[in-house]
Amino acid sequence: MPADVAGARATARDDAPDGPGEVTTASDLAGAREAVEEELRRFLEEGLRTVPPPPAAPIRHAVLAPGKRIRPLLLMGAYEAAGGTHPAIARLSCAVELVHTYSLIHDDLPAMDDALLRRGREALHVRFGVPVAVLAAASLLPLAIRSIVEGGEALGLPDDRTRRLCRILAVAAGAAGMVGGQFRDLRAEGRRIDRAELMRIHAGKTAELMAAAAVMGGLAASAERPFLERLRRFGRDLGLAFQVADDILDRVATSGQMGKERGRDAALGKASAPAVLGLPEARRLVRELVGRARREVEGRPRTGSLLRIAELVAARGAGP
Ligand code: GRG
């Protein structure tokens, strides 16, 4: 590892926080966030009851680490906006967090971003070794499917709805969505790309899963197609804004503020929004995308949680 990278990486470790990484949850989303945390704990307790300690410990470590839980919050916010009221929606919401957590574990591996720090703690492979991290991540995908099936049962959803929920998540997480975005991202390393390709990368690796979260919440509450379309556009634009804001933070925040190493995009020659567009334009783009997302749901009943999530994303883009 070059000396400057080694130095930066040592700094990243030194200013790592002990507790949660970035704390961005507005107080009035705190109740929903606590419901997600509690459900993740309960779900893992049930799901890992018969699993011996070696695989169970890293799985718990990764999932219960202090993340922002924005994807399950989005799913629950969309459910509320579509008129849903059943608390079992928290079980369904675990699915998007589990898929997201698997992607973070793989993203941090030496063969990908080779990151040392995640959610204010050592990355999973640093703590448990690469083979264990790969297996722990792989175990989260079947758990995600289980949380959809069990969430669907607890919500009393008909089987064909549960099948649709599985399909939406599978498409968003796969080669047409998150994994495809990661492929594009890897291919762009060290190359000059334009704004359109940057948006395709960000849509794939981040926005499709957020759009899926919003649509899944709406579908669980039996929303009609036009509102599902609004939710999809809301989640997608918010996801794009979230990734652009993440790129901005990688450039301007400290590792302590982010809970992960800063400067990895530049170190890896990644296609990031500040690199392709410049910092001022990247910040303007976050505002534009969040504004567009807001307009999809503004003025409708029960959209307070969705609008507060949009505020959090806008605040991230405005920088530390
Ligand atoms: C290797 C088969 C295979 C699949 C992996 C690695 C991968 C697919 C996809 C990467 C997708 C990825 C990691 C996108 C980054 C999205 C992003 C902004 C992550 C950070 O999300 P936060 O800030 O994190 O919500 P917390 O920790 O708060 O949950």
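Note that the coordinates shown come from a computational prediction; the quantities given were computed from them, not determined experimentally.

**Q** Describe the packing of helix H11 (residues 225-252) against helix H16 (residues 304-318), with residues and values.
**A** The relative placement of two packed helices is expressed as an angle between their axes plus a distance between the axes. Viewed as axis vectors pointing N to C, H11 and H16 meet at an angle of 25 degrees, and their least axial separation amounts to 8 Å. The orientation of H11 with respect to H16, classified from their angle, is roughly parallel. Every pair of crossing elements has a handedness; the one defined by H11 and H16 is left-handed. Note on element contacts: H16 touches H11 through Leu-306, Ile-309, Ala-310, Val-313, Arg-316 and Gly-317, opposite Leu-231, Phe-234, Leu-238, Ala-241, Phe-242, Ala-245, Asp-246, Ile-248 and Leu-249. Classifying every residue of the contact of H11 with H16 gives 12 nonpolar, one polar and two charged.

**Q** Tell me about helix H10 (residues 195-220), residues and numbers included.
**A** Between its first and last C-alpha, H10 extends 35 Å over 26 residues, near the 38 Å set by a 1.5 Å rise per residue. Roughly 50 degrees is the biggest bend found in H10, and it falls at Ala-203. Where burial is concerned, most of H10 is hidden: 21 out of the 26 residues are buried. Following H10 by one or two positions, Ser-222 adopts a phi angle in the positive range, close to 65 degrees.

**Q** Talk me through empty space enclosed by the protein; I want residue IDs and the actual numbers.
**A** To locate leftover empty space, one rolls a probe as large as a water molecule over the atoms. Throughout the structure, instances matching the rule amount to two cavities of 30 Å³ or more. Reported here for the largest cavity is a volume of approximately 130 Å³. Looking at the largest cavity, it is lined by 14 residues, and the ones nearest its centre are Ala-62, Ile-105, Arg-118, Ala-123 and Leu-124. Looking at the lining of the largest cavity, the elements that each hand over two or more residues are helix H3 (53-63), helix H5 (89-108), strand E2 (121-122) and helix H6 (124-128). Residue contributions to the lining of the largest cavity peak at four residues, all from H5. Classifying every residue of the lining of the largest cavity gives six nonpolar, three polar and five charged.

**Q** Lay out the nonpolar core in plain terms, naming residues and giving numbers.
**A** Leu-74 and Leu-238 are the most contacted members of the largest nonpolar core, which has 89 residues in total. Of the residues forming this core, the biggest block, 13 residues, is contributed by H10. Not counting residues up to four positions away in its chain, the partners in contact with Leu-74 are Met-210, Ala-213, Ala-214, Phe-234, Leu-238, Leu-306 and Ile-309.

**Q** Please set out the site of the ligand residue by residue, giving values where relevant.
**A** Residues in close proximity to the ligand total 20 residues, the closest being Lys-68, Arg-71, His-100, Tyr-102 and Arg-119. Within the contact set of the ligand, an oxygen atom lies 2.8 Å away from a side-chain nitrogen or oxygen of Arg-119. A molecule is said to occupy a pocket when more than half its atoms come within 2 Å of that pocket's grid points, and by this definition the ligand occupies the largest pocket. Elements with a contribution of two residues or more to the shell around the ligand: H5, helix H9 (178-188), H10 and H11. Take the shell around the ligand: its biggest share by element is six residues, from H5. Here the residues of the shell around the ligand are counted per class, giving six nonpolar, seven polar and seven charged.

**Q** Residue-level account of the packing of aromatic side chains, with values.
**A** Inspection of the entire model under this criterion finds zero aromatic pairs. We note Arg-316 situated over the ring of Phe-242; from NZ or CZ to the ring centre the distance is 4.2 Å.

**Q** Which residues make up the layout of surface pockets, and what are the values?
**A** Of the voids in this model, the largest pocket is the one considered here, and its volume is about 930 Å³. Only helix H4 (70-81), H5, strand E1 (117-118), H9, H10, H11 and helix H13 (264-267) provide two or more residues apiece to the lining of the largest pocket. Here the element with the most residues in the lining of the largest pocket is H5; it accounts for eight residues. A per-class count over the lining of the largest pocket returns 15 nonpolar, 10 polar and 21 charged.

**Q** Mind laying out the confidence of the model for the protein chain, listing which residues take part and the relevant values?
**A** Looking at the protein chain as a whole, the pLDDT averages 91, with 91% of positions reaching at least 70. Across residues 1-8 the pLDDT falls below 50, and counting only partners more than four positions away or on other chains, this stretch makes three contacts in the model. In the model, residues 10-27 has pLDDT below 50 throughout and makes 37 contacts with residues more than four positions away in sequence or in other chains.

**Q** Could you give an account of helix H2 (residues 30-47), naming the residues involved and the relevant values?
**A** End to end, H2 covers 25 Å across 18 residues, agreeing with the expected 26 Å (1.5 Å per residue, within 8%). Within H2, the full set of buried residues consists of Val-36, Glu-37, Glu-39, Leu-40, Phe-43, Leu-44 and Gly-47. When H2 is viewed along its axis, its buried side chains cluster within an angular range of 165 degrees and face the same direction. When the buried face of H2 is taken as reference, the exposed residues oriented beyond 90 degrees from it are Gly-31 and Glu-45. Tucked into the core, H2 has its buried residues touching H3, H4, H5 and helix H7 (130-155).

**Q** Break down the pattern of salt bridges for me, with residues and values.
**A** Evaluated as defined, the whole model comprises 33 salt bridges. Note that Arg-195 and Glu-281 form a salt bridge whose closest N and O atoms lie 3.0 Å from each other. Linking Arg-195 in helix H10 with Glu-281 in helix H15 (residues 279-297), this pair joins segments that are 86 residues apart in sequence. Looking at Glu-281, the relative accessible area reads 21%, which means it is partly exposed. The partner of Arg-233 in a salt bridge is Glu-296, with the nearest N and O atoms 2.8 Å apart. Placement of the pair is Arg-233 in helix H11 and Glu-296 in helix H15, with a sequence separation of 63 residues. Note on Arg-233: relative accessible area 33%, which makes it partly exposed. Each of Glu-38, Glu-39, Arg-42, Glu-46, Arg-91, Arg-146 and Glu-150 takes part in one network of salt bridges that share partners.

What counts and how
- Residues numbered from 1 in each chain as written.
- Predicted model: local features only at pLDDT ≥ 70, side-chain atom pairs only at ≥ 80, totals over all residues.
- Heavy atoms only, no water.
- Axes fitted to C-alpha atoms, helices over the stretch in contact; angles between N-to-C directions.
- Helix = DSSP H or I, 4+ residues; strand = E, 2+ residues; numbered from the N terminus.
- Parallel < 35°, antiparallel > 145°, perpendicular 65-115°, else oblique.
- Left-handed = near helix turned anticlockwise from the far one by under 90°.
- Contact = heavy atoms within 4.5 Å.
- Nonpolar A, V, L, I, M, F, W, Y, C, P; charged D, E, K, R; others polar.
- Expected span 1.5 Å × (residues − 1).
- Bend = angle between axes of the 7 residues up to and from the residue.
- Buried < 20%, exposed > 50% of the residue type's maximum accessible area, 1.4 Å probe, protein only.
- 1 Å grid on protein atoms, 1.4 Å probe; cavity = no way out; pocket = protein on both sides within 12 Å on 5 of 7 lines; lining within 4 Å.
- Points joined across faces, edges and corners; volume = space filled by probe spheres on them.
- Core = buried A, V, L, I, M, F, W, Y, C linked by side-chain atoms within 4.5 Å.
- Near = heavy atom within 4 Å.
- Polar contact = N/O pair within 3.5 Å; in protein donor to acceptor, adjacent residues only side chain to side chain.
- Sits in = over half its atoms within 2 Å of the grid points.
- Phe/Tyr/Trp six-rings, centres within 6.5 Å; stacked < 30°, edge-to-face > 60°.
- Lys NZ or Arg CZ within 6 Å of the ring centre and 35° of its normal.
- pLDDT = per-residue confidence, 0-100.
- Arc of directions from axis to C-beta.
- Salt bridge = Lys/Arg side-chain N within 4 Å of Asp/Glu carboxyl O.

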